[in-house]
Each structure stands twice: as structure tokens, then as C-alpha cells.
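# Analysis of the macromolecular model
Letter by letter, the chains look like this.
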Amino acid sequence: MSATTALRSGSARRALPGLGLSLGVTLSWLGLIVLIPLAALVIKPWSLGLAGVTAVLMDDRVQAAFRLSFGAALLAAIISLPLGLLFAWVITRYRFPGRRLLDALVDLPFALPTAVAGLALTALFANNGWLGGPLAEAFGWQIAYRPVGVLIALIFVALPFMIRSVEPVLRDLTLEGEEAAATLGATRAQTLRRVVLPALAPALITGFGLGFGRAVGEYGSVIFIAGNMPMSTEIAPLLIVVKLEQYDDAGAAAVGLAMLVLAFVILLALNVLQRRLRRGRA
Amino acid sequence: MSVATEDPPWARRLLVTLAILLGIAIFLAPLAAIFTEALRRGLAPALEAIAEPDALAAMRLTLLVAAIAVPVNAIGGVAASWAIAKFDFAGKRLLVTLIELPFAVSPVISGLVYVLIFGAQGWFGGWLREHDIQIIFALPGLVLATTFVTFPFVARTLLPLMQEQGREEEEAAATLGAGGLQTFFRVTLPNVKWALLGGILLCNARAMGEFGAVAVVSGHIRGATNTMPLHVEILYNEYMFVGAFAVASLLALLGLVTLGAKALLEYWTARPMGVEA
Amino acid sequence: MTRHPLARRGFLAAASTLAAAPAFGQSAPTLLNVSYDPTREFYRAFNTAFTAHWTGGGQPRPTISTSHGGSGRQARSVIDGLAADVVTLALAYDVDAIAERGYIAPDWQRRLPENSCPYTSTIVLLVRRGNPKAVRDWGDLLKPGVSIITPNPKTSGGARWNYLAFWAWALHEPGGTSATAEQAVTQLFRQVPVLDAGARGSLTTFAQRNQGDVFLSWENEAHLALQEFPQAGLEIIYPSLSILAEPPVAVVDRNVERRGTKALAEAYLQHLYSPEGQQLAARHHYRPRDRAVLAEAGARFPAMELVTIQDAFGGWAEAQRTHFSDGGVFDRIYRPGR
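The rules behind each value
- Residues numbered from 1 in each chain as written.
- Chains lettered and ligands numbered in written order.
- Predicted model: local features only at pLDDT ≥ 70, side-chain atom pairs only at ≥ 80, totals over all residues.
- Heavy atoms only, no water.
- Patch = residues over 30% accessible without salt bridge, like charges linked within 9 Å, V, L, I, M, F, W, Y side chains within 5 Å.
- Areas by Shrake-Rupley, 256 points an atom, 1.4 Å probe, with all protein chains shown as cover.
- Salt bridge = Lys/Arg side-chain N within 4 Å of Asp/Glu carboxyl O.
- Lys, Arg positive; Asp, Glu negative; His and termini not counted.
- Charge placed at Lys NZ, Arg CZ, Asp CG, Glu CD.
- Helix = DSSP H or I, 4+ residues; strand = E, 2+ residues; numbered from the N terminus.
- Buried < 20%, exposed > 50% of the residue type's maximum accessible area, 1.4 Å probe, protein only.
- Phe/Tyr/Trp six-rings, centres within 6.5 Å; stacked < 30°, edge-to-face > 60°.
- Lys NZ or Arg CZ within 6 Å of the ring centre and 35° of its normal.
- Axes fitted to C-alpha atoms, helices over the stretch in contact; angles between N-to-C directions.
- Parallel < 35°, antiparallel > 145°, perpendicular 65-115°, else oblique.
- Contact = heavy atoms within 4.5 Å.
- Nonpolar A, V, L, I, M, F, W, Y, C, P; charged D, E, K, R; others polar.
- Buried area = accessible area lost by both parts, 1.4 Å probe.
- Polar contact = N/O pair within 3.5 Å; in protein donor to acceptor, adjacent residues only side chain to side chain.

## Considerations on a positive patch on the surface
- A cluster of basic residues, Arg275, Arg276 and Arg279 of chain A together with Arg93 of chain B, forms a positive patch on the protein surface.
- Of the residues forming the positive patch, the biggest block, 3 residues, is contributed by helix H14 (residues 249-281) of chain A.
- Note on placement: Arg93 of chain B falls in helix H5 (residues 92-104).
- On the accessibility criterion, Arg93 of chain B (58% relative accessible area) is exposed.

## Some words on the packing of aromatic side chains
- If you walk through the whole model with that rule in mind, you get 43 aromatic pairs over all chains.
- Taking 5.8 Å as the distance between ring centres and 50° as the angle between the ring planes, the aromatic pair formed by Phe42 of chain C and Tyr286 of chain C counts as tilted. Separated by 244 residues along the polypeptide, Phe42 of chain C in helix H2 (residues 40-56) and Tyr286 of chain C in the loop between helix H12 (275-283) and strand S11 (287-288) bring together distant segments of the chain. Here Phe42 of chain C matches Tyr286 of chain C in class, with each residue buried.
- Here the aromatic rings of Tyr163 of chain C and Trp167 of chain C are separated by 6.0 Å at their centres, their planes lie at 15°, and the arrangement is stacked. With a gap of 4 residues between them, Tyr163 of chain C and Trp167 of chain C both fall in helix H6 (residues 157-172), about one helical turn apart.
- Residue classification places Tyr163 of chain C among the buried residues on the basis of a relative accessible area of 1%.
- Among the aromatic residues, those joined into a ring-pair cluster are Phe42, Tyr43, Phe46, Phe50, Trp54, Tyr119, Tyr268 and Tyr286 of chain C.
- One residue, Lys92 of chain B, lies across the ring of Phe89 of chain B, its end atom 5.9 Å from the ring centre.

## Quick look at the packing of helix H3 (residues 49-58) of chain A against helix H4 (residues 60-93) of chain A
All names here are of chain A.
- Running from N to C, H3 and H4 point in directions that differ by 60°, and their axes come no closer than 5 Å. Judged by the inter-axis angle, H3 sits oblique to H4. Side by side, H3 and H4 meet where Val56, Leu57 and Met58 of the first sit next to Asp60, Val62 and Gln63 of the second.
- Split into classes, the residues belonging to the contact of H3 with H4 amount to 4 nonpolar, 1 polar and 1 charged.

## Some remarks on the interface of chain A and chain B
- Contacts between the two partners involve 91 residues from chain A, matched on the other side by 95 residues from chain B.
- Taking both partners together, chain A and chain B bury about 8,100 Å²; carbon and sulfur atoms supply 81% of that area.
- Its largest share of buried area at the contact with chain B, chain A owes to Leu16, Trp29 and Tyr94 of chain A, together 10% of the area lost on that side.
- For the pair chain A and chain B, the interface holds 1 salt bridge.
- The shortest N-O distance in the salt bridge between Asp107 of chain A and Lys262 of chain B comes to 2.5 Å.
- At the junction of chain A and chain B, the tally comes to 7 residue pairs in polar contact (both at pLDDT 80 or more).
- The class makeup of the residues in the side of chain A that touches chain B is 69 nonpolar, 10 polar and 12 charged.

## Brief notes about helix H13 (residues 236-245) of chain A
- Most of H13 of chain A is tucked away, with 10 of its 10 residues classed as buried.
- Where H13 of chain A ends, the next residue or the one after it, Tyr247 of chain A, has phi of about 60°, a positive value.

## Details of the interface of chain C and chain B
- Taken together, the 39 residues of chain C in the interface contact 29 residues of chain B.
- When chain C packs against chain B, close to 3,000 Å² is buried across both sides, 59% of that on carbon and sulfur atoms.
- For the pair chain C and chain B, the interface holds 1 salt bridge.
- Across the chain C-chain B interface, the total number found is 8 residue pairs in polar contact (both at pLDDT 80 or more).
- Elements with a minimum of two residues in the side of chain C that touches chain B: helix H1 (3-20), H2, strand S2 (63-67), helix H3 (71-79), helix H8 (199-208), helix H9 (219-228) and helix H10 (253-259) of chain C.
- If one sorts the elements of the side of chain C that touches chain B by residue count, H1 of chain C sits on top with 9 residues.
- Class assignment for the residues of the side of chain C that touches chain B results in 15 nonpolar, 11 polar and 13 charged.

## What to know about the pattern of salt bridges
- The final tally for this structure, using the stated rule, is 31 salt bridges over all chains.
- Put simply, Asp88 of chain B and Lys92 of chain B hold a salt bridge, and the shortest N to O gap is 3.7 Å.
- Within this structure, Asp103, Asp107, Arg164, Glu167 and Arg171 of chain A together with Lys262 and Glu266 of chain B form a network of salt bridges that share partners.

As far as function goes, none of this settles anything; it's purely spatial.
Set out below in C-alpha cells:
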């Protein structure tokens, strides 16, 4: 690392020392905590053989759990889109009493332990709970121990990701674009649709991805409210626990690996979509 | 111009009302439910449940686990952000993706992988037994699972800020003859200290509240390997609902303190912190 | 920087815990009892009694810890290396699973009296105040509109006993065959709205969350529910026939040899058979083996026709393979939402 190399490469950046140390720390940290353990997950299922892994994944109960976990997580992320936009919009654009409190409150699911959230949601939405009771009486709806209970728990964990992804973009979005649109005679609705929404799109996708990723794997807050019925309200992470209890390590790892791959593919697709959008705007 | 940049008053009022109502239903109601259930029979039984020896042991364990997992992730997160933001090298995108990977992994899987490796039937099971080392169902397993789950928090908070700040100041320091560590402690760290603190807060909140991953590796031994969230579940399963919600309240309070501290940090630095894009 | 001292203390404590772990058995003796869900209250009382008994004999005071959870999950943890000195689980199948991996000698069931089952229990029906659905016996469960709460037989030992008790009753009915029993069980599980993973979660669903009309329960759990939820006014119904549930206990040989706790662990299990242990079991609504203690308890344990798993199903291994293994009868009949 001498001045000559820096000169030869024509870049002053090489002069900054510390790459070796920081990259070394990073890679050992990443390797020990994440990569080696995940390698075990990738290797373990194949002790069943390809046919065995396929049999585990094609099982009706496993398929039902995947449909629920991924379906409910996608739905939760979709519902979080308008909800997150609403919260982010109100917090950044309006001044009203309690705004600061609301701003702090939306982070609650980040800070609340998932098991505590699960207990709280069950207490709220059970037939004798504050919200579950009136809903059951007025409409005959049952929420706890049904797939919709799973959905509510997942919205609770996914929503803050959406709000916190959109909010900084909304804050940085200058009013100039909107003003320009107005000068050109656009109505408010047109301005929002043509100017504001496209600017927010990449952030919405990020929030969608983060919320979805978190919701798919969520365990603590769901198992209390789900009822855990095989084929109907049993989530995929619970299935892993159940398989472990039946001394089926490889089966558990197969379900875990499939979850990981599926989640990764969906997140990758979102990433590609986001990059396209960004490029389209630039 | 006001037509297109300002929402009509009725829309304003409608949106604010809607947000407040939803905020109460989604965020405030669960919080209120925890505290109400805890105080159902008054303050004394709730305090008793918190002061019970098993609960205290769970608290000590939770704090100890966080006290190891959070610094590990803070050091790793700082090193990773520094390397990624200040240098060019091949495979950077991949590195960022890998660091974020634990976000997409179910907590249950994070517990499972350590069982596959360190369990008696796992890769190192036989070796560990020969040498009388207990990893899972003991402190090291709890720490590993917690570290995995909270892995990306610090890096994710620091990285956007460090990328935005660029390299000029560090390069200037290097040109003036400062070493790597010196540059880091004198130039970079002061620039990112609040964001670092924010990331540590979030990391810590998640570390103390983690349930799924530690449930798999804990063994649930009362007074020994039960963390606070697991203790909540145990009390709940023993029909001690007041106790369960009392300990849950304590955890919720810790969460609220975290939020308060984070809000203060953001107020001082006028910069939102969190797992942003 | 303020974090630094705290973090260092954390590392030191971690290191000392690690270092101390292998040294356990030598100084202050510790004993880990890995048990299943419904025994929490019983073993809490028994641990105190045993500690007094053990120190009374001039031995140093042991620290006894317990771990509770679904029987299958607990067995699984021991297999994965949870350092249990003794296991006190819900079914022999789970202890066999541990024995299969070499942790326990294969002849464990012959090492203690009564097939290593110091107390027994059975499955009863728990109904709501005034028994509104008029449930008197297993057959009433199949009446339309009766909704039943039981945990998942795949994960809960108690739920397997529930299932087998009902199956045994169906076989015992006039004209009962395994085909009619399978039909009856299929119908039963159509009427189950929530299937928790363990007995404890299931009872909470029934008693606290007001789901279902009948809860299939361990006899001792049913009594506990009456105590814990007095305002709910729950009632216990004893069916005409049920199953003799025999929860087994065993010393985990490999762990006690390594930790040097063999004598302590054996004395612990032996004490379960002593009059004091038997009385404590009876007080927590486990049926004692000791006839004198059973007679003393009198009407607390109504006489019922109880079939054993050996007679009705040819033992646990057979029952597990036929009914609960992947692709077994339970998987075949359990198809909610179809």
C-alpha cells in the first residue's frame, strides 16, 4: 500500500487504510454467526434424498402451512401499503395534537417482544376480549383461532416497516414538484397520482419487502392467536417446531430451507422491480 | 398553487382522525391490554410476580444475553458499514444482501440451525459431549440464537448514513497521515455516533424480546435457561395470567423506554433512525 | 463507551458460566428433572419434600430444577443434549425414544416398580357450568353442536391418551371394530375447533378464552382447572370407560454418569414410591399406586373401568406406529376445512 500503487491506479481512494481489518471482522462475524449455521440448514435436508425432501414438501399439511404463511404475509404486506401510507402521510404532512406521540407509537411493534404482542393480541381479539367481544356480538365474527387472527398479528408486525420506509422519503420530497404540477393546472388528485405516488413507489416496495420478510417468519406473536390447527391455522414456522418434536430433524430443515428459498426469491423479485422503477424515473 | 400542494381541510381532518383511530386500535390497545391484565388484581400481585426468584433469574439472563449479543453485533455492524461505505471491492452487493439475510429468516430457523450444528445429534454433538461443553440449552446457545436474530440491526442503521456522508473526510485524514483506527475514532465515529446509538437501541430491544429463536435452544429450565419472554409463556401456561402479564408489562416498559430514547435521539439529531431503505 | 464495562462483565460472566458448567456435579449437587406440562404443581411440592428427605439423611442440600413442556418436545431436548438427570414424561414412547439414542438403558422400564410408573392418571371430560350440552359419556361428544377442545395428538402426549381413550371406548361399544372406531374418531375431530400444541395451551383456550363445550383432560389437569378457574364453574364428568394413563419415570444414565449424580437421581425417583411421594401425588390428583394411600383418598378417585394401552393397543410402539406416525390413522382422518 504505497503511494506509487495509489498513483499508478490513478485513485486516491486506496490511500484510506483499514480495509483489511474491517473486512476481516465483517467476514468472520458474518461467517460464524450466519453463514456456517445456514450451511447446516442447506445441507441437512438432503440426508432424506431428493425424493424424501419432495415428499416432505408435497405433504398436504406442509402445503397448507406454506399457503397460510406466505398468503397471510403477502396479504398483511398489501394491507400495510395503504395503512402505512396513511400513517406516514399524516405524521410528515400535518400538524395536530398528539402527532409526536403517534410518531413514537408506530415503532411499538419493533420494541415489543413478539410473545408479549401475541399475548396482548389474543387478549384483545378472543371472544371475551375488548375488541373480539363486541365484534363477535355485533357481526358474529370470530378473529382469534382463525386465519384472520394470523393476518392481524402479521399486520401488527409488518406495518411499522412500511411506515418507516415511506416516511423519510416523504419527508425529503420537496414541495417543488407538487407546486410545479399545480402551476401546470393539475388538480390535487392528479398531482398525488402523477407526482407523489411515483416518487414513493421504490420506498413502498422496500417497506413491502421488509414487512413481508418479517411476517413470513413471524412466530412468537402468531402462535398465541392462531389456534394452530393443522391444515387451517398452522403456520410454517410452527410446522418446523412440530417436526423437531417428532425427531424429524431433516424434515424440519427441509421446511426451513424451502421457506428461506421462497422468501428469498420473493424479496429478490421485489428488488428487481424496485431497480426497474428507479431506473425508469432517472 | 395551494390547490395542488395542500389537501382540502375535510380530507385533512378525515385522514388525521382515521390515523388516530387506527393508531389507537392497532398500537395503543394491545399495550393497554397488557397493563390492564397485569393490574387486574391490583399492584401487589403484579409486583410479587416480578420479584419472584425465577423471574429475577430470567431478567438477569435476558440482560446477560443482550450484553453479549448487542456488542458483538455493534462491532460487526460498524466494521461492515465502514468496509462497505468507504471502500470499493468486488462482491459488495452480495455482502450487503448476506448481512440482511437474517431479516428474512424465521426466528425459529435461527434456533434450528444451532440445534443442527451443536445438538447432541448434530455436527459437533459428539465432540462437544466428549469435551463436556454445553452450547445449546445453555448460555452460549441463547447468545448465538439472539445474535443471529439481531444481526443486521446496527449495520442497517449505520450503512445508509455512512454511504451518504461519503469518504472525503476520511481521505483527508489519511492524507494528513492518520492511521486507520485513528481515522475511524477521530473522524468517522463522531459523525455517526447518534445513528450508532439508535441502531444499538433497536438491536437491544429485539435482543431482549426475542422469543421464537431462543424457545428452540433454551431447554426451559426454570431459574437457569429461561429468558424473560420464555418466562412469560411459562407463567401463562401455569394459569398465572396476572404474573404473565406483569412480566410482559415489564418487557413492554423496556420497549417503551427504548422508543423514548430513540425519539429523543431523533429529536436531537433531526434524523430518523431505523431499518430504512 | 459507557457500554464498555457492562459488556466486559457480560463476557466475564459468560466465560465463568462456561467454565463452571462441567464442574456442576461435584460441589453443590444439582438435579434436573425434565418433565411434561401438567406436572408443574406436583413436582414443585415434591422437590421441596425430597430436598428435606435427602438432607435429613445427612446429604448436602441439592438444587433441583425442573423443565416443563409438551412431552415430545421435552424428550427431543434431552436427545439434543439437555442435561437431564431424570425424565418424568407423559408416555413410555417418549422415554423409549431417548433410550433408543443410548441415553437410557433399554431395560429402563424394569428398573423401578410398577413398570417405572409411580402414579397413574386417566382421561376425563371437563364441561361448562351446569353441563348445558348434557354430556355424560364419550358417545355424547358426537352429538351435533358439541364442540370439543383437545391438544394436537402429534405433539401432545396427553392428547394421544385422549385419542386412545376415545378409541378404546368406541371399540368397547357393541359391534365396535377398528373401522367403526376410526369413523367415530373422524367425527370427533370434525368437532374440534382449536388444536393447541400442548395440554396447557389447550386448557387456557377452553377455560380462559371460552372456546368449546367439552375439554378432554388428564384427571389431574381437570381438578387443577376447577381450582384455577373457580368463577367458570367447570364440572368433571367421569366417562363409563377410559384409559389407564401410565406416565413413566427414568434416570438418564449417560447424563448422571457424566455428572456424578446417579445416587441422587435414583433416590429422587425412589422417593416417588414412598408414602410421602404417593400422598403428594394423590394430593395433586394423580392416582397413587400405593393401595393404602389410594384407600385414604377414597372418593377423590371414582372407580372407573380403565383399560391399559398394552391390552387395548398392544403397547406404545404399536399404538404410535398405527395412529400417530406420519401417514398413520390420525393423519388420514384429520382433514379440517375439506
